[in-house]
Amino acid sequence: MTENLKAPKLPVEGKRNILITSALPYVNNVPHLGNIIGCVLSADVFARYCRLRGYNAIYICGTDEYGTATETKAMEENCSPKEICDKYHAIHKEVYNWFNISFDEFGRTSSPEQTEVCQAIFKKIFENKWLSENTMQQLYCNTCERFLADRLVEGTCPTPGCEYDSARGDQCEKCGKLLNPTELKNPGCKVCQKTPRIRDTDHLFLELPLLKDRLEKYISEMSVVGGWSQNAIQTTNSWLREGLKPRCITRDLKWGVPVPHEKYSDKVFYVWFDAPIGYVSITSSYTRDWEKWWKNPENVELYQFMGKDNVPFHTVMFPSTLLGTSENWTLMKTISVTEYLNYEAGKFSKSKGIGVFGNDAKDTNIPVEVWRYYLLTNRPEVSDTLFTWSDLQAKLNSELLNNLGNFINRVLSFIAKPAGQGYDSIIPSVPDDVSGDSHGPTKKLADKVAAYIDQYIEAMEKVKLKQGLKVAMSISSEGNAYLQEAEFWRLYKENKSLCSLVMKTAAGIVYLLACLLEPFIPSFTLEVFKQLNLPVDTHVSLCDDKGDIDRVKRPWDIISASHKIGTPKPLFRELKDEEVKFYRKKFAGSQADRIVRAEAEAQNVAEQLKKTKVSGVFPGSSISNKFKEVGRKSSR
């Protein structure tokens, strides 16, 4: 994860300035793989692509820290909301750091900047008379002397035939019905278990119906210009069809941005009012000149990444909030939305602890580039997709190891062979009597590569990340086919001039693959450039203004003759059946189940230790030691 050590980037006149955000991950738990692909990883790929192309891009994200869920989690862990946020912000940061997420700024919404920006936006909306007041009925606990947010109430589900006795105030987990706390039978305060009473409370509402014309004009124009994903358009249109209603923007909580209004000074802003404003406030933490990004729609394009459950808050609520200020905000141009990534036979769930979580991935011996690659090939762009261990194994072994890794290792290993067997680690020069344009197989490869590069750029510009990755991997397949057709091992003995052309071209394809795949698997690119003995900072680029695109379409001209490469090594290792079986068993059930299993295994080991003399290895440790050893053998 990029630490902000350099001077902050600002929009540049005449350049493409792209502001990228991903949905702020909620701070009350560890992110699972579905969360990671749904927002931060997808946005990171696009941000890296923009930098690769020479665009002036920044990527802003951070943890969403206010609201009921944080207060509830703090009660569960018997600490303050701030302590919960500090704990989980650090965990999130560590997970994203391991996943090589290249934020320009990773902040948090519990900052002073958030309060300042949020209150300033509210005051503008208030002055413009886009707010109304209304009285609501809420449950109030006399013992705790507070209104109870929906998650602080439990009772019996009112749905006929269900009557689950531990339904939450917002939803029944048994039948799935969405609820209001006042609908529960026999409601009880989760803190003191006493029965609350219904009491009137006044709140502020954003008058979405009054902003309807402005909002619909924005949506109809930008959804076309920005090429919004179909799922985003469908969700937004369904909200509009149902009719916009005034939206409550205040809550009777303590943990949140205080409402700067005398009558409502004991309330805070609703988390879905203040959370999207976090993009702005985190940018203001990144640079004091944040308005050059956020109030500059003529020169800045805003791209936002999220899961489908976040769509209406970004296509309806957030734009309405900004439109209500009557200021010249940079509104979202493009929204990229994912469906759900499911886990094996069920669903990923943060609340139930089901699936593989960010820290779990880190604790396996599977390298980060494998995780990134698998999640991105499996990105749920148009429908839900499924994570399975056997599929991860298949993708790693066939696509990364046998296709990509095999091609690069064949090329570099042959060049590295000593003179008489190879090129003694020197990129060969090509004699004048042969050329890429006149050698049929090489020209055919170059034409295919040129077409693939155009397809790659088209896909990535439209944020079709999975397609972009597929196209890049197709170039690797073409490289393998080219080596087989050319029979370079035979040419080396029979026609050295032609062999030099083939190997110089193949080395150029290695370079090209490292560039195209950098947005997806950056640690792979670092290793390939190390083996090519080239500096990443100056070479990984596909800028139009530098002529990079034209150059890489002639792969025999990419790397200069006489350049000395580094030491080739295998880039990937096979994932074996017994490892897959081990991981599937290890991550079965919920996190709570795993803790119970681990405690039982530890108890079993302790009992065996009492009966066994310890001689370096204790019973039950062989499998874990085996996988530690496998990890040490990994080339990464």
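Not measured: the values here are computed from a predicted model.

J.: Kindly report on the packing of aromatic side chains, identifying the contributing residues and their values.
T.: This model, assessed by the stated rule, comprises 37 aromatic pairs. For the pair tyrosine 49 and tyrosine 456, a centre-to-centre distance of 6.2 Å together with 65 degrees between the ring planes defines the contact as edge-to-face. With a gap of 407 residues between them, tyrosine 49 in helix H2 (residues 40-52) and tyrosine 456 in helix H15 (residues 440-461) connect regions that are remote in the sequence. Grouped by ring-pair contacts, the aromatic residues Tyr343, Trp371, Tyr374, Phe387, Trp389, Phe582, Tyr583 and Phe587 constitute a single cluster. For the cation-ring pair, arginine 16 lies above tyrosine 55, with the distance from its terminal atom to the ring centre recorded as 4.7 Å.

J.: Lay out the packing of helix H14 (residues 389-416) against helix H19 (residues 522-532) in plain terms, naming residues and giving numbers.
T.: Their axes nearest at 11 Å, the elements H14 and H19 cross at an angle of 10 degrees. When the axes of H14 and H19 are compared, the pair comes out roughly parallel. Along its contact with H14, which presents Leu404, Ile408 and Leu412, the element H19 presents Phe524, Val528, Gln531 and Leu532. Here the residues of the contact of H14 with H19 sort into six nonpolar, one polar and no charged.

J.: So what about the pattern of salt bridges? Which residues, and what values?
T.: Inspection of every chain in the model, using the stated rule, returns 43 salt bridges. For lysine 362, the salt bridge goes to glutamate 94, with nearest N and O atoms at 2.4 Å. With lysine 362 in helix H12 (residues 358-363) and glutamate 94 in helix H4 (residues 81-98), this pair connects stretches of sequence that are 268 residues apart. Residue classification places lysine 362 among the partly exposed residues on the basis of a relative accessible area of 30%. Given a relative accessible area of 44%, glutamate 94 falls into the partly exposed group. Here the salt bridges do not stand alone but share partners, grouping Arg16, Arg53, Glu301, Lys333, Glu461 and Asp544 into one network.

J.: Help me get a handle on the environment of leucine 323, residues and values and all.
T.: The residue leucine 323 is located in helix H11 (residues 311-323) in this model. Overall, leucine 323 belongs to the buried group, its relative accessible area being 17%. Taking the C-alpha atoms as reference points, leucine 323 and asparagine 397, 74 residues apart in sequence, are found 51 Å from one another. Excluding residues that lie within four positions of it along the chain, leucine 323 makes contacts with Arg214, Leu215 and Leu331.

J.: Which residues make up the side chain of arginine 168, and what values go with them?
T.: Within the secondary structure, arginine 168 sits in strand S7 (residues 167-168). On the accessibility criterion, arginine 168 (18% relative accessible area) is buried. One polar contact links arginine 168 to aspartate 170, side chain to side chain, over a distance of 2.9 Å. When neighbours within four sequence positions are excluded, arginine 168 is seen to be in contact with Asp150, Arg151, Val153, Glu154, Glu173, Leu179 and Leu184.

J.: An account of the state of the cysteines is requested, with residue identities and associated values reported.
T.: Every disulfide links exactly two cysteines, by a covalent bond between their sulfur atoms. The tally for this structure, following the rule as stated, stands at zero disulfides. Here cysteine 61 stays unpaired: no disulfide links it, and the sulfur of cysteine 39, its closest cysteine neighbor, is 6.3 Å away. Cysteine 162 supplies the cysteine sulfur nearest to cysteine 172, a cysteine that is in no disulfide, at a spacing of 3.7 Å. On the basis of relative accessibility, which here comes to 0%, the residue cysteine 172 falls in the buried class.

J.: Break down the nonpolar core for me, with residues and values.
T.: Counting residues in hydrophobic clusters, the biggest one holds 174 residues, and the most contacted among them are Ile20, Leu33, Phe387 and Tyr456. Broken down by element, the residue count for this core peaks at 16 residues, all from helix H18 (residues 496-517). Excluding anything up to four places from it in sequence, leucine 33 contacts Phe99, Leu341, Phe348, Val356, Ala361, Trp371, Leu375 and Phe387.

J.: Would you mind going over the domain arrangement of the protein chain in detail, with residue names and values included?
T.: Here the domain parsing of the protein chain yields domain 1 (17-129 + 206-338), domain 2 (342-388 + 574-604) and domain 3 (401-564). With eleven residues of domain 2 at the contact, the number on the domain 3 side is 13 residues. Seen at the junction of domain 2 and domain 3, the total is zero salt bridges. Linking domain 2 with domain 3 are six residue pairs in polar contact (both at pLDDT 80 or more). Ranked by residues supplied to the side of domain 2 that touches domain 3, first place goes to helix H13 (residues 368-377) with six residues. By residue class, the composition of the side of domain 2 that touches domain 3 is three nonpolar, three polar and five charged.

J.: Any details on the sheet that holds strand S4 (residues 131-141)? Residues and values, ideally.
T.: Read across the open sheet, the four strands follow the order S5-S4-S9-S10; overall the sheet is antiparallel. For this open sheet the edge positions go to strand S5 (146-147) and strand S10 (247-248), each flanked by a neighbour on one side alone.

J.: Before we move on, can you summarise the environment of threonine 236 with the specific residues and values?
T.: Within the secondary structure, threonine 236 sits in helix H7 (residues 230-242). A C-alpha to C-alpha distance of 8.6 Å links threonine 236 and isoleucine 219, two positions 17 residues apart in sequence. Setting aside its immediate chain neighbours within four residues, threonine 236 contacts Ile219, Trp228, Val311, Thr315 and Val316. Polar contacts involving the side chain of threonine 236 include one to the main-chain carbonyl oxygen of alanine 232, which spans 2.7 Å.

J.: An account of the sheet that holds strand S2 (residues 56-63) is needed here, citing residue identities and associated values.
T.: Strand order in the open sheet formed by five strands is S3-S2-S1-S13-S14, with parallel pairing between adjacent strands. Looking at which strands have only one partner, the edges of the open sheet turn out to be strand S3 (105-108) and strand S14 (332-338). Across the sheet, the axes of successive neighbouring strands diverge by a mean angle of 20 degrees, strand direction being ignored. Bridge analysis of strand S13 (residues 300-307) against S14 gives six bridges, and the strand direction is parallel. Bridge pairing in S14 links glycine 307 to threonine 338. Here H2 sits on the sheet in contact with strand S1 (17-22), S2, S13 and S14, set at roughly 165 degrees to S1.

J.: Run through H18, naming residues and quoting values.
T.: Between the first and last C-alpha of H18 there are 31 Å, a value that for 22 residues agrees with the 32 Å anticipated at 1.5 Å per step. For H18, a buried count of 20 out of 22 residues is recorded, marking the element as mostly surrounded by other parts of the structure.

J.: Could you give an account of the pairing of strand S9 (residues 197-206), with specific residues and numbers?
T.: Summarising the sheet, S4 and S9 pair through ten bridges and their orientation is antiparallel. Bridge pairing in S9 links glutamine 138 to arginine 199. Summarising the sheet, S9 and S10 pair through two bridges and their orientation is antiparallel. Opposite phenylalanine 205, over in S10, you have cysteine 248 as the bridge partner.

Basis of the calculations
- Residues numbered from 1 in each chain as written.
- Predicted model: local features only at pLDDT ≥ 70, side-chain atom pairs only at ≥ 80, totals over all residues.
- Heavy atoms only, no water.
- Phe/Tyr/Trp six-rings, centres within 6.5 Å; stacked < 30°, edge-to-face > 60°.
- Helix = DSSP H or I, 4+ residues; strand = E, 2+ residues; numbered from the N terminus.
- Lys NZ or Arg CZ within 6 Å of the ring centre and 35° of its normal.
- Axes fitted to C-alpha atoms, helices over the stretch in contact; angles between N-to-C directions.
- Parallel < 35°, antiparallel > 145°, perpendicular 65-115°, else oblique.
- Contact = heavy atoms within 4.5 Å.
- Nonpolar A, V, L, I, M, F, W, Y, C, P; charged D, E, K, R; others polar.
- Salt bridge = Lys/Arg side-chain N within 4 Å of Asp/Glu carboxyl O.
- Buried < 20%, exposed > 50% of the residue type's maximum accessible area, 1.4 Å probe, protein only.
- Polar contact = N/O pair within 3.5 Å; in protein donor to acceptor, adjacent residues only side chain to side chain.
- Disulfide = S-S within 2.5 Å.
- Core = buried A, V, L, I, M, F, W, Y, C linked by side-chain atoms within 4.5 Å.
- Domains from an automatic or database assignment.
- Pairing = 2+ DSSP bridges.
- Expected span 1.5 Å × (residues − 1).

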